[in-house]
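Notes for the structure review
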Amino acid sequence: MAHSNESTVSEFVLLGLSKSWGLQLLLFTIFSVIYVTSVLGNVMIIVIIFSDSHLNSPMYFLLSNLSFIDVCQSNFATPKMLADFFVEHKTISFEGCMAQIFLLHSFVGSEMMLLVAMGYDRFVAICKPLHYNLIMNRRVCIIFVSISWAVGILHSVSHLAFTVNLPFCGPNEVDSFFCDLPLVIKLACMDTYRMEILTLANSGLISLSCFLALIVSYIIIFVTVQHQSSSGSSKALSTLTAHITVVILFFGPCIYFYIWPFSRLSVDKFLSVFYTICTPLLNPVIYSLRNEDVKSALRKLRNRHVNPGKN
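Residues numbered from 1 in each chain as written. Predicted model: local features only at pLDDT ≥ 70, side-chain atom pairs only at ≥ 80, totals over all residues. Heavy atoms only, no water.

Attention now goes to the state of the cysteines. Among covalent bonds in proteins, the disulfide is the one between the sulfur atoms of two cysteines. All told, the structure shown has 2 disulfides when counted by the stated rule. Bridging C97 to C179, the disulfide has an S-S length of 2.1 Å. The S-S bond linking C97 to C179 shows a torsion near -125 degrees; that makes this disulfide left-handed. One end of the pair, C97, is in helix α4 (residues 94-127); the other, C179, is in the loop between β3 (173-174) and α7 (181-185), and 82 residues separate them in sequence. Taken individually, C97 and C179 each receive the classification buried, so the pair is uniform in this respect. In the protein chain, the bonded cysteines, taken in the order they occur along the sequence, pair up as 1-3, 2-4. (Disulfide = S-S within 2.5 Å. Helix = DSSP H or I, 4+ residues; strand = E, 2+ residues; numbered from the N terminus. Buried < 20%, exposed > 50% of the residue type's maximum accessible area, 1.4 Å probe, protein only.)

Okay, the layout of surface pockets next. Reported here for the second largest pocket is a volume of approximately 210 Å³. Forming the walls of the second largest pocket are 14 residues, and the residues nearest its centre are K19, V87, E88, H89 and K90. Of all the elements in the fold, those that place two or more residues in the lining of the second largest pocket are β1 (11-14) and α1 (21-51). Residues belonging to the lining of the second largest pocket are distributed by class as follows: 7 nonpolar, 3 polar and 4 charged. (1 Å grid on protein atoms, 1.4 Å probe; cavity = no way out; pocket = protein on both sides within 12 Å on 5 of 7 lines; lining within 4 Å. Points joined across faces, edges and corners; volume = space filled by probe spheres on them. Nonpolar A, V, L, I, M, F, W, Y, C, P; charged D, E, K, R; others polar.)

With numbering matched to this structure, UniProt assigns "transmembrane region" (unreviewed entry) to residues 25-50, 98-120, 140-162, 205-225, 237-259 and 271-289. From the first C-alpha to the last, residues 25-50 spans 38 Å; its make-up is 100% helix and 0% strand. Between the end C-alpha atoms of residues 98-120 there is a gap of 33 Å, over a span that is 100% helix and 0% strand. (UniProt positions renumbered as here; feature names shortened; annotations may be inferred.)

Printed below as a string of structure tokens:
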């Protein structure tokens, strides 16, 4: 019924976050700082991990891949949003819109699976420490990362396969700063109920299954930690707290969006901002600044390049 050659929409209009020029300038300043901090912070983590031989454990290998995904997620829509603050008529081509949908769901799906892999890594490290090196070897880590990307891309392609062929024959205003899939689907010139259910089932399934898997693993870890020595449990709880914080902040908005995906409130736009712009900042701020090994490696890297005479 719906084929792409029936579409008459060649571009979408992005309504953005505000029509107030003063507020747009303020948001531009805030989001520019967050964007630069996020990208530089995650790139710095990647450089630190690959330049320090002490950080060659599976946990840091997965952490560096998480940083890479966060760098990608920082760049799929934020640079255009920052540029659009200075443009009165904010538009994006049909192809650009589909690309944003594909990239967002690829990165988010990959990050969900990678967070599950990191949760499993902590589970093995705390609950089966004697078998850790045997279970979490480099080959297993590469498999985890490959599966994460494969699931993310397949998750995204399954969305795009339906969306790209919808008939867009008139309405083209997206009430957001990027092409948000549920909002784009609502613009189609057809009954989108089936599409809404498919979107809910697809994204809801991967979100809830990953979230539940992480919760179960953290409960087991927490119970195990209670039976360890106080010194060992203190470090384990610190790491566990960082993981749980990231999981709640990452999955919270995501699950919310797919519980009520097509009945949007005004606050949803700002949750989208947090999810797409602020989430990539979680890794450097929560995981790394609280990690003594990363901070020590950062000091050594700084001394090596900034104060070489002190080495």
